[in-house]
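A look at the structure
Okay, here's what each chain looks like letter by letter:
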Amino acid sequence: MGRMAGRFARVEPRRRAGRLVQGLLSDLPRKNCWTIAEWSGEATPNGMQHLLCRASWDADAVRDDVRDYVVEHLHDEMAVLVVDETGDVKKGTHTVGVQRQYTGTAGRIENSQVAVYLVYAGLRGHAAVDRELYVPRSWTTDPDRCQAAGIPEERAFATKPELATTMIERFLDAGHRAAWVAGDEVYGGNPKLRSALEARGLGYVLAVACSAEVATGAGKFRADALAGKLPKRAWQMQSAGAGAKGHRFYDWAVIDTADPGPGHRQLLIRRNRHTGELAYYRCHSPQTVPLTTLVRMAGSRWRVEETFQSGKGLAGLDEHQVRRFASWTRWVTLAMLAHAFLAVVRADEHGGTPGPADLIPLTCNEIQRLFITLVVQPIHDAAHRLGWSTWRRRHQARARTSHYRRQAASQT
């Protein structure tokens with residue numbers, strides 16, 4: 001928290017932000033302004049709500065501090081920038097960016113809010129370093145709705161690949177370097193994103209659909225048609241990296257493409273060794289690289305799923321109960337900081353002296369438990385608990401009275 005102390009205009013919001021980050025790292029079953037304020041010893045949630053809504057501090061500057069912190073501690077010359085989106089299922093229509101749209105979180109079309117994240121993944125660990133809320137066109141074409149949600153006037157509609165491009169360029173413009181970019185079909189199917197990455201001299205391994213048109217010396221073919229023409233000797237078994245249950249082995253094949261422009265372009269094909277299911281990736285590298293490198297970059301894309309899982313499960317990334325744009329930005333930024341802290345401590349622990357052979361290295365989950373148990377001392381005395389019980393019941397009584405008045409007015 002000391003790294004970003006200068007981003008706060010007053011000492012009170014700076015200290016409260018520290019308590020909020022500790023609350024995000026706590027073992028609370030639900031993490032929001034109410035539960036974290038009670039856990040941290042505050043009398044009401046008003047201060048936490050003020051921190052997210054009206055207090056004077058620069059969330060984008062804190063985001064930059066988080067990015068610098070992650071790169072400094074997880075630095076890797078062969079680091080991969082992974083882009084992906086995740087959705088949070090929401091009720092109602094007033095939460096910023098919400099509409100009925102597909103979200104992988106639910107696996108179907110739901111009333112949800114979607115955001116795109118940029119994850120820095122290296123050998124020492126991985127953590128999110130940037131975020132952009134996806135604001136659908138149904139919002140950007142309604143100025144009154146945007147104003148009510150606090151969306152900046154200059155914020156125009158941007159697709160998810162455009163948001164990814166903005167974050168990657170922001171990362172590079174800050175003076176940081178990465179060798180590769182990975183992403184799923186949403187990003188691999190966007191030629192403007194691929195061109196922007198090539199212009200910056202980045203290699204990429206981006207998933208594409210089976211119907212993607214690929215140029216070869218013999219003409220253009222669908223990706224799945226090319227896969228069907230490969231002989232058996234073209235396939236090689238390679239590990240895409242270690243998973244929770246061991247190495248992820250697949251059969252891989254690579255085809256050189258005839259796309260114009262500098263660098264080397266290839267189509268990478270992955271085949272499941274048990275089901276035969278195929279996946280396809282457009283690849284670009286400034287210099288020639290072996291198949292093992294492309295496979296490792298394709299496997300790096302799963303790091304973003306691990307980041308979402310631990311960010312949501314350990315740091316409350318998806319538990320924000322806020323409606324306005326600024327509040328969402330501030331909550332998510334502090335949640336990214338909380339998760340980055342766990343990732344950095346884990347990397348430092350793994351880089352030290354090896355522990356006993358009969359113990360696995362410390363995980364983010366175990367680091368969180370030890371940190372809260374040994375370092376943070378939340379307030380749990382009886383008077384504090386009873387005070388919060390009174391506050392909650394008084395708030396609920398006011399809410400019930402307001403609902404009854406609104407119902408009575410609508411029936412007259």
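It should be emphasised that the depicted structure is a prediction, and the values quoted were computed from it without experimental measurement.

1. Quick notes on the overall build of the chain
Check the secondary structure of the chain and you find 15 helices and 12 strands. Counting only C-alpha atoms and orienting by the principal axes, one finds that the chain spans roughly 75 × 65 × 40 Å. Taken over 412 residues, the chain has a buried fraction of 49%. Within the chain, residue pairs in contact and separated by at least 24 positions form 62% of the contacts whose partners lie at least 6 positions apart. Roughly 20,700 Å² of accessible area belongs to the chain as shown, and the carbon and sulfur atoms make up 51% of that amount. Side-chain charges of the chain comprise 56 positive and 43 negative groups, with the mean position of each set lying 5 Å from the other.

2. Considering the pairing of strand S7 (residues 213–216)
Strand direction decides the pairing type here: S7 and strand S8 (residues 219–222), joined by 4 bridges, are antiparallel. From the neighbouring strand, Thr216 faces S8, where its bridge partner is Gly219. Between S7 and S8, which follow one another and run antiparallel, lie 2 residues.

3. A closer look at the packing of aromatic side chains
Tallied over the full model, the rule gives 9 aromatic pairs. Centre to centre, the rings of Tyr117 and Phe308 are 5.5 Å apart; their planes meet at 70 degrees, and the pair counts as edge-to-face. With a gap of 191 residues between them, Tyr117 in strand S3 (residues 108–122) and Phe308 in helix H12 (residues 302–315) connect regions that are remote in the sequence. When its relative accessible area of 6% is taken as the criterion, Phe308 is described as buried. Cluster of aromatic residues (ring-pair linked, three or more members): Tyr250, Trp252, Tyr281 and Trp302. One residue, Lys160, lies across the ring of Tyr134, its end atom 5.1 Å from the ring centre. The ring of Tyr250 is capped by Arg270, whose NZ or CZ atom sits 4.7 Å from the centre of that ring.

4. Here's the deal with the pattern of salt bridges
On inspection of all chains with the given rule, the structure shows 24 salt bridges. A salt bridge links Asp65 to Arg7; the nearest nitrogen and oxygen atoms lie 2.8 Å apart. Of this pair, Asp65 sits in helix H4 (residues 59–74) while Arg7 is found in the segment before helix H1 (11–24), placing the two residues 58 residues apart along the sequence. Judged by its relative accessible area of 8%, Asp65 falls in the buried class. Residue classification places Arg7 among the partly exposed residues on the basis of a relative accessible area of 34%. The shortest N-O distance in the salt bridge between Asp251 and Arg273 comes to 2.5 Å. Of this pair, Asp251 sits in strand S10 (residues 246–256) while Arg273 sits in the loop between strand S11 (264–271) and strand S12 (278–285), and the two are 22 residues apart along the sequence. Salt bridges sharing partners connect three or more residues here, namely Asp60, Arg63, Asp64, Arg67, Asp68, Asp130, Arg131, Glu132, Arg155 and Arg170.

The rules behind the values
- Residues numbered from 1 in each chain as written.
- Predicted model: local features only at pLDDT ≥ 70, side-chain atom pairs only at ≥ 80, totals over all residues.
- Heavy atoms only, no water.
- Helix = DSSP H or I, 4+ residues; strand = E, 2+ residues; numbered from the N terminus.
- Buried < 20%, exposed > 50% of the residue type's maximum accessible area, 1.4 Å probe, protein only.
- Contact = heavy atoms within 4.5 Å.
- Areas by Shrake-Rupley, 256 points an atom, 1.4 Å probe, with all protein chains shown as cover.
- Lys, Arg positive; Asp, Glu negative; His and termini not counted.
- Charge placed at Lys NZ, Arg CZ, Asp CG, Glu CD.
- Pairing = 2+ DSSP bridges.
- Phe/Tyr/Trp six-rings, centres within 6.5 Å; stacked < 30°, edge-to-face > 60°.
- Lys NZ or Arg CZ within 6 Å of the ring centre and 35° of its normal.
- Salt bridge = Lys/Arg side-chain N within 4 Å of Asp/Glu carboxyl O.

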